[in-house]
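The chain contents come next:
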Amino acid sequence: MTRRKQRGPTASSAIMFGEEIRYAREQAGYTQEELGKLLHLDRTVVSRTEGGRRKPPLDEVEELGQLLNTGDLLMRLYGMVDWNASIDHPDWFQGHVDLEAISVAARVYQDSVVHGLLQCRPYARALFATGDAAGNPDKIEELTKARLSRQARFLAPNGPLLVAILDESAIRTVIGGPGVMRSQMEHLLRVAQLPNIVIHVAPFSSRQAYINTAMVLLELPDGQRVVYSESLDAGHLSADLAKVTKHHRRFEQLRGECLSGSDSRRLIVDALEGYKDGERQDRCSRVAEEQPQRQQRRRLHRGSPRIPRPRSGA
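**Here we look at the overall build of the protein chain**
Step number 1: Each helix and strand in the protein chain was counted, giving 13 helices and six strands.
Step number 2: Across the 314 residues in the protein chain, those meeting the buried criterion constitute 44%.
Step number 3: Long-range contacts, defined here as pairs at least 24 residues apart, represent 74% of the contacts in the protein chain between residues at least 6 apart.
Step number 4: As displayed, the protein chain has an accessible area near 17400 Å², and 50% of this comes from carbon and sulfur atoms.

**Overview of the packing of helix H4 (residues 58-67) against helix H5 (residues 73-80)**
Pairs of packed helices are described in terms of their axes, by the angle between the two and the distance that separates them.
Step number 1: Relative to each other, H4 and H5 sit at 145°, their axes nearing to 8 Å. Where H4 approaches H5, its residues Leu58, Val61, Glu62, Leu64 and Gly65 are matched on the opposing element by Leu74, Met75 and Tyr78.
Step number 2: Considered class by class, the residues forming the contact of H4 with H5 number six nonpolar, one polar and one charged.

**Topic: the side chain of Glu168**
Step number 1: Relative to the elements of secondary structure, Glu168 occurs in helix H10 (residues 168-172).
Step number 2: Judged by its relative accessible area of 9%, Glu168 is buried.
Step number 3: Filtering out sequence-adjacent residues up to four positions away, Glu168 remains in contact with Val201, Ala202, Pro203, Phe204 and Leu267.

**Notes on the layout of surface pockets**
Step number 1: Approximately 1200 Å³ is the volume attributed to the largest pocket.
Step number 2: Residue lining of the largest pocket: 35 residues in total, with Trp92, Phe93, Phe128, Arg147 and Glu230 positioned closest to the centre.
Step number 3: The class makeup of the residues in the lining of the largest pocket is 15 nonpolar, eleven polar and nine charged.

**Here's the deal with the pairing of strand S5 (residues 225-231)**
Step number 1: Pairing analysis gives five bridges linking strand S4 (residues 215-219) to S5, with the strands arranged antiparallel. Of the residues in S5, the one forming a bridge with Leu217 is Val227.
Step number 2: Counting the residues between successive antiparallel strands, the hairpin from S4 to S5 contains five residues, one of them, Gly223, with a positive phi of roughly 95°.
Step number 3: Pairing geometry for S5 and strand S6 (residues 234-238), over five bridges, is antiparallel. By the bridge assignment, Glu230 is partnered in S6 with Gly235.
Step number 4: Between the antiparallel neighbours S5 and S6 lie two residues, among them Asp233 with a positive phi of about 55°.

**Concerning the confidence of the model for the protein chain**
Step number 1: For the protein chain, per-residue confidence averages 85 on the pLDDT scale, and 83% of positions sit at 70 or higher.
Step number 2: The model gives residues 1-11 a pLDDT under 50, and that stretch makes 29 contacts with residues more than four places away or in other chains.
Step number 3: Here residues 310-314 is modelled with pLDDT under 50, and outside its nearest four sequence neighbours on either side it reaches zero contacts, counting other chains as well.

**Concerning the environment of Ala192**
Step number 1: The topology assignment puts Ala192 in the loop between helix H11 (178-191) and strand S3 (197-202).
Step number 2: Separated by 73 residues in sequence, Ala192 and Arg265 have C-alpha atoms that sit 8.0 Å apart.
Step number 3: Sequence-distant contacts of Ala192, that is, excluding residues within four places in its chain, are made with Ile197, Ile199 and Arg265.

**Regarding the packing of aromatic side chains**
Step number 1: Within this structure, the stated rule accounts for two aromatic pairs.
Step number 2: With a centroid separation of 5.7 Å and an interplanar angle of 65°, the aromatic rings of Phe17 and Tyr78 are classed as edge-to-face. Here the residue Phe17 occupies a position in helix H1 (residues 15-28), and Tyr78 occupies one in helix H5, the gap between them amounting to 61 residues. No difference in accessibility class separates Phe17 from Tyr78, as the two residues are buried.
Step number 3: Here the aromatic rings of Phe93 and Tyr228 are separated by 5.9 Å at their centres, their planes lie at 55°, and the arrangement is tilted. Residue Phe93 is located in helix H6 (residues 91-100), and its partner Tyr228 is located in strand S5; the two are separated by 135 residues in the primary sequence.
Step number 4: Positioned above the aromatic ring of Phe154 is the side chain of Arg153, whose terminal nitrogen or guanidinium carbon lies 5.5 Å from the ring centre.

**So, the sheet that holds S4**
Step number 1: Strand order in the open sheet made by the six strands is S3-S2-S1-S4-S5-S6, with mixed pairing throughout. The open sheet terminates on both sides in strands that have one partner only, identified here as S3 and S6. Pairs of neighbouring strands in the sheet enclose a mean axial angle of 15°, with direction left out of account.
Step number 2: Bridge count between strand S1 (residues 105-110) and strand S2 (residues 161-167): six bridges; the pairing is parallel. In the sheet register, Val108 faces S2, and the bridge partner there is Ala164.

Parameters at a glance
Residues numbered from 1 in each chain as written. Predicted model: local features only at pLDDT ≥ 70, side-chain atom pairs only at ≥ 80, totals over all residues. Heavy atoms only, no water. Helix = DSSP H or I, 4+ residues; strand = E, 2+ residues; numbered from the N terminus. Buried < 20%, exposed > 50% of the residue type's maximum accessible area, 1.4 Å probe, protein only. Contact = heavy atoms within 4.5 Å. Areas by Shrake-Rupley, 256 points an atom, 1.4 Å probe, with all protein chains shown as cover. Axes fitted to C-alpha atoms, helices over the stretch in contact; angles between N-to-C directions. Nonpolar A, V, L, I, M, F, W, Y, C, P; charged D, E, K, R; others polar. 1 Å grid on protein atoms, 1.4 Å probe; cavity = no way out; pocket = protein on both sides within 12 Å on 5 of 7 lines; lining within 4 Å. Points joined across faces, edges and corners; volume = space filled by probe spheres on them. Pairing = 2+ DSSP bridges. pLDDT = per-residue confidence, 0-100. Phe/Tyr/Trp six-rings, centres within 6.5 Å; stacked < 30°, edge-to-face > 60°. Lys NZ or Arg CZ within 6 Å of the ring centre and 35° of its normal.

Here it is as structure tokens:
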């Protein structure tokens, strides 16, 4: 099997780094337990490292490179991982994240909101601010970092293929106000220029093909395909060939009824202009509200009793 070489920053998570260790270990013929003994570590520690759930010390990475005969590969990858990015995902979501981090292609369908792999920071933060993390700035920032950390490998040069179908509701539903939506539309237009990213909009106009829930189709390095979808607080991951084939067919049927890439960008530009107008109206409304308040404060100041100021030297 030919493995696809990963290039560019791997800030998406430490999972990519751990996957390289796992592959090198298997090529060298070691089990996790055997490698652990050579490193004077428990097997569970090796497992956590390979799963991207542990940051190994630098000297351990150097020793791994020698034991597994990887040259300077692990050291170079180690320096490219954003170890400050949170990779703490809900248990029901972690399985999908692990596969997403090694996928060679992703096909996603999303309605109501923009898919997480295409969200900009203000948009992601606004979404989390309205969810369970509302009122908890630290948690909102943690969740935002975790979401954005998954994007880097798709946004990097020669990144995996990402084909996204966004229902028109995803770009028309206002999250965080017109300013946030303007930033999100500008972000979509930027990433749509990347050679590995294709964005289609499924318009409100009548169509025959429907997908009744957001879903992701992942293609893995060994050619296996899986499908992922969610219900309330639960993730559903399946590699069943019949299910994957059915959902892939539905995805392609809907894609055939979507706007082309260029027409989708024009629709996003149209939405962007609308959000720019909304921003201007918001600014005008704020000025209109603040003007009477300033005048009222001035009237109160003029009508208040004058208190003599102390003279210098008093």
